[in-house]
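Structural characterization, general
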Amino acid sequence: MLSAQEAETLILNLVQPLDAQQDWEQVSLTAANGRILAAPVTGNQDFPYWDNSAMDGYAVRYADLVDCSPEKPITLEIIEEIPAGMQPQKTVQTGQASRILTGAMLPQGADTIVMQEETQREGDRVTLFAVPKPQAFVRHRGQFYQAGNPLLAAGIRLAAADIAVLATAQCPQVPVYRRPKVAILSTGDELVTPDQPLQPGQIVDSNQYALAVLVEVTGAEPILLGSVPDQPDQIKQAIRQAINSADMVLSSGGVSVGDYDYVDRILAELGAEIHLRAVAVKPGKPLTVATFSTTNQATQLYFGLPGNPVSALVTFWRFVQPALRKLSGLASDWPPMFVQGRTTQDLRSDGKRESYLWGQVRLVQGEFQFQLAGGAQNSGNLINLAQINGLAVLPIGTTQISAGDSVQILWLQT
Ligand code: AMP
Ligand code: MG
């Protein structure tokens, strides 16, 4: 059986990202949050756009002030006032200055700004008492970015700051990867929807809802295919439909060793290549990973997740989410985020498989703290998954991590 790390590597190697040439669309900046840039962006304007002042003060000629001192102050004639947004009209000559405000364009002739606080003004004259640094408080055109240089790289996820950069570079439309489509299918004779009355023995198909949300928060588009009973023909039909409608397929249930667990057999019948049937993790051991290849389409990844709701979620966070990030065109940072913290309670495992215990991670006085979810750490207990944001990881061979000791935590991107 593969370890979690080996399974992660195998799965990521199977993922073919969306095609940057074909699988992209143009979106406006107001719709770009969270999207993945499909092509590098190059700006055609310098930034700053022009020389401008970083202070409220006076635009002066440095050469006029080299002999300036408190004992020998220098008085200049103010020829113009330049607020931000205005184009200066006058050239600063020897003995002159222009009043200038933060962000305003530097006038011709001036090369240095003197802060207002270091001057004394009387009418249209300003007196200075010290030699400024040459070019002080001037933000030069192109100082931070020169037109034609790479601005943003392909494969980054756009967030507020990136969108500000694109706005500044006057790129109102950006090319982003389309959102990958992920079909979600539940299997099981016992499953009903939340609004159906429960007959004895039935349970609600909660996986459909949880997986749809996780697909969405990972930036992809869920396609909800509902649940199918444990009937090979119906499962086969549903998997066919899923493959035809999506870039990736997630099914839950039917991948264990029970009499009604048909998924692996059907995948093989449909021509899928099965790469993985189990991973040494707890919860989540029965995880099937398969690929479908058709001549005209990219390889599609199929995840047969365990039906148990805790296992389905844990395997999504640990294995599906990284694969989905890579599929979506993100250039790096696919694996989950692991942080080192301290546990507030004893953590226990049988040590046979890598164990994930669920709970909350918090930053307390500069240190991550992990607190187990209240109630049983039982993979049948879906209820105490509510409000968790972390999984404590107990490696194979570790049966206990004591309260106060260091533990690795998978910080969930929920
Ligand atoms: P299975 O993997 O099909 O053997 O299912 C394992 C356990 O998870 C059983 O107790 C199922 O009733 C339960 N289960 C399976 N599918 C779902 C689902 N979609 N939502 C909630 N629980 C499920
Ligand atoms: Mg089942």
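Refer to the structure above for everything that follows.
Right, let's walk through the structure included here.

What counts, and at which threshold
Counting restarts for each chain, with residues numbered from 1 along the sequence as it is written. Following the order in which they are written, the chains are lettered starting with A and the ligands numbered starting with 1. Residue-level local features of this predicted model are given only where pLDDT is at least 70; pairs of side-chain atoms are given and counted only at 80 or more, and the full residue set underlies all totals for whole chains, interfaces and linings. Side-chain measures here rest on the full set of heavy atoms in the structure, leaving out hydrogens and waters. The nonpolar core is taken to be a set of buried Ala, Val, Leu, Ile, Met, Phe, Trp, Tyr and Cys residues, with the residues joined through side-chain atoms within 4.5 Å. Buried means the residue's accessible area, taken with a 1.4 Å probe over protein chains only, is under 20% of the maximum for its type, while exposed means over 50%, and partly exposed covers the values in between. Per the convention used, a helix needs a DSSP run of H or I reaching at least four residues, while a strand needs a run of E reaching at least two, with both numbered from the N terminus. For every element, the axis is a line fit to its C-alpha atoms; helices are fit only across the contacting stretch, and the angle between N-to-C directions ranges from 0 to 180 degrees. Angles are sorted into four bins: roughly parallel if under 35 degrees, roughly antiparallel if over 145, roughly perpendicular if 65 to 115, and oblique for all others. By definition, turning the near helix anticlockwise from the far helix through less than a right angle yields a left-handed crossing, and turning it clockwise yields a right-handed one. Contacts: residue pairs with any heavy atoms within 4.5 Å of one another. Classes in brief: Ala, Val, Leu, Ile, Met, Phe, Trp, Tyr, Cys and Pro nonpolar; Asp, Glu, Lys and Arg charged; the others, Gly included, polar. One side-chain nitrogen of Lys or Arg within 4 Å of one carboxyl oxygen of Asp or Glu is enough to make a salt bridge. Paired strands, in this sense, are two strands between which DSSP finds at least two bridges.

Here's the deal with the nonpolar core
Formed by 46 residues in total, the largest nonpolar core has its most connected members in M248, L250, L301, F303, F316, F319 and L391. Elements that contribute at least two residues to this core include exactly α1 (4-14), β13 (181-187), α3 (206-217), β17 (248-252), β21 (297-305), α6 (309-327), β24 (354-364) and β26 (390-394). Broken down by element, the residue count for this core peaks at 10 residues, all from α6. Counting 20 residues, the second-largest nonpolar core is a separate cluster that includes A183, V249, Y262 and F292.

What about the packing of α1 against α6?
The N-to-C vectors of α1 and α6 enclose an angle of 25°; their axes lie 10 Å apart at closest approach. As far as their axial angle goes, α6 and α1 are roughly parallel. Crossing handedness for the pair α1 and α6: right-handed. Packed against α1, whose contacting residues are A4, Q5, A7, E8, I11 and L12, the element α6 presents R318, F319, P322, A323 and K326 at the interface. In terms of residue class, the contact of α1 with α6 is made up of 7 nonpolar, 1 polar and 3 charged.

Examining the environment of I401
With respect to the secondary-structure elements, I401 resides in strand β27 (residues 400-401). Take I401: its relative accessible area is 10%, and that puts it in the buried class. Through-space distance from the C-alpha of I401 to that of Q345 is 8.5 Å; in sequence the pair is 56 residues apart. Non-local contacts of I401, meaning those with residues more than four positions away in its chain, are made with T343, Q345, D346, L347, V393, L394, S406 and V407.

Here's the deal with the side chain of S252
Within the secondary structure layout, S252 lies in strand β17. Not counting chain neighbours up to four residues away, the residues in contact with S252 comprise L185, S186, T187, N207, L211, L305, P306 and G307.

Considering the pattern of salt bridges
In total, this model carries 11 salt bridges according to the counting rule given. Note that R318 and E8 form a salt bridge whose closest N and O atoms lie 2.7 Å from each other. With a gap of 310 residues between them, R318 in helix α6 and E8 in helix α1 connect regions that are remote in the sequence. Under the relative-accessibility criterion, R318 is labelled buried at 3%.

Some remarks on the environment of A31
Within the secondary structure layout, A31 lies in the loop between β1 (24-28) and β2 (41-42). Along the sequence, A31 and E221 sit 190 residues apart, while their C-alpha atoms lie 15 Å from each other.

Observations regarding the sheet that holds strand β6 (residues 96-100)
The mixed open sheet is built from 6 strands, whose spatial order is β7-β4-β6-β5-β9-β8. Where the open sheet ends on each side, the last strands, each with one partner, are β7 (112-115) and β8 (119-122). Sheet twist, expressed as the mean angle between neighbouring strand axes with direction ignored, is 35°. Of the strand pairs in this sheet, β8 and strand β9 (residues 125-128) are connected by 4 bridges, and their pairing is antiparallel. Across the sheet, Q120 pairs through a bridge with T127, a residue of β9.

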